[in-house]
Amino acid sequence: MLRCVLSLLLCLPLLCRIAEAQPPRFRVLAFYSETVEHDHVDFAHQAISFYTEAAKRGAYRFETTRDWDDMNATKLAGYQLVVWLDDFPHTAAQRAAFEAYMEHGGGWLGFHIAAYNDSGTRWPWFVSFLGGGVFYGNEWPPLPATINVDDPQHPLTKSLPKSFLSPPNEWYVWKPSPRENKDVKVLLTLAPSNYPIGMKDVLTAGDLPVMWTNTRYRMLYTNMGHGDRIFTSETQNKLLEDSLVWVATMKQGR
């Protein structure tokens, strides 16, 4: 028994080197900015820490960049998934590279402000990509909210309770609702029991999806992502960790 234990101890460094040499399951590139709203920057910093630790558990590689010009064909070719934490492309070249990446099977996970678009955005492809919804308004200040699970059989939601309390966040309204798009699968919705929600800006009623996927692409959007308290719920943390892996490994159209 002693000889076996000693042999195992001697082999441990070799086993560790072999494990480190294994290629990652997939590679993720997360884009963020430091010059946007401070609550969004706070979220980005915490998300980077959160997913850096999750990557160790999940055996994938999680990398970050603040250079949005990295949104180009050469750079994106090395990644199975891109994440937008607190901003979005602003130049025609960046947008064109992202369109080509997604149209050819790339993956995208977007948080909160990543989906922002209005009459001044002038990016019709992106509006269609999101399911047709344009930013219409929000409640304020950030408040916790009860979230309902739309499809308890979906891979991302089957381990969730029927509803759960999401930490304080700024909740966005989209018009038309992405639910109206036949290609969109809504996974989570703000529960009607939250209404009215807000103090300065109040939402009194309406359909408010907070997580969905456009099944024409490998993509997932979640409204969570405002402030430094997003990662204070174990239930939601598990969902956010699983969401990245699901998008990175999913097949288009599922």
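Look above for the structure.
Residues numbered from 1 in each chain as written. Predicted model: local features only at pLDDT ≥ 70, side-chain atom pairs only at ≥ 80, totals over all residues. Heavy atoms only, no water.

## A few points about the overall build of the chain
Helices and strands together make up the secondary structure of the chain, namely 6 helices and 11 strands. Against the compact-globule benchmark of 18 Å for 254 residues, the chain has a radius of gyration of 20 Å, which places it among compact chains. Pairs at least 24 apart in sequence give 76% of the contacts found in the chain among residues at least 6 apart. Here the chain has roughly 12400 Å² of accessible surface; of this, 56% comes from carbon and sulfur atoms. (Helix = DSSP H or I, 4+ residues; strand = E, 2+ residues; numbered from the N terminus. Rg over C-alpha atoms; globule rule 2.2 N^0.38 Å. Contact = heavy atoms within 4.5 Å. Areas by Shrake-Rupley, 256 points an atom, 1.4 Å probe, with all protein chains shown as cover.)

## Quick notes on the sheet that holds strand β7 (residues 163–169)
The strands making up a sheet are joined through hydrogen bonds of the backbone, oriented either antiparallel or parallel. Read from one edge of the open sheet, 9 strands run β2-β1-β3-β4-β11-β10-β9-β6-β7, paired in mixed fashion. Because the sheet does not close on itself, it has two edges, and the strands there are β2 (61–65) and β7. The sheet shows a mean angle of 20° between the axes of neighbouring strands, taken without regard to direction. Bridge analysis of strand β10 (residues 209–214) against strand β11 (residues 218–222) gives 2 bridges, and the strand direction is antiparallel. If you follow M211 over to β11, its bridge partner there is T222. The strands touched by helix α2 (residues 38–58) are β2 and β4 (107–111); relative to β2, the strand with the most contacts, the crossing angle is about 155°. (Pairing = 2+ DSSP bridges. Axes fitted to C-alpha atoms, helices over the stretch in contact; angles between N-to-C directions.)

## Focus on the nonpolar core
Counting 48 residues, the largest nonpolar core has Y51, L85, L188 and L244 as its most contacted members. Within the residue set of this core, elements represented by two or more residues are β1 (27–31), α2, β3 (81–84), β4, β6 (143–149), β9 (184–190), β10 and α6 (234–249). Considering each element in turn, this core owes the most residues, 8 residues, to α2. Look past the residues within four positions of L85 in its chain and what remains in contact with it is A30, F31, Y32, F43, A44, A47, I48 and F111. Residues L29, F88, F129 and W174 belong to the second largest nonpolar core, which totals 31 residues. (Core = buried A, V, L, I, M, F, W, Y, C linked by side-chain atoms within 4.5 Å. Buried < 20%, exposed > 50% of the residue type's maximum accessible area, 1.4 Å probe, protein only.)

## Describing the environment of A73
By the secondary structure assignment, A73 is in helix α3 (residues 73–76). Given a relative accessible area of 62%, A73 falls into the exposed group. Along the backbone, A73 and A97 are 24 residues apart, and their C-alpha atoms lie at a distance of 5.8 Å.

## Things to note about unusual backbone geometry
Residue K175 is joined to P176 through a cis peptide bond whose omega torsion reads -10°. Among the structural elements, P176 can be located in the loop between β8 (172–175) and β9. With omega at -5°, the peptide bond leading from Y195 into P196 counts as cis. Positionally, P196 belongs in the loop between β9 and β10. Positive phi is not limited to glycine here, since H112 has a value of about 50°.

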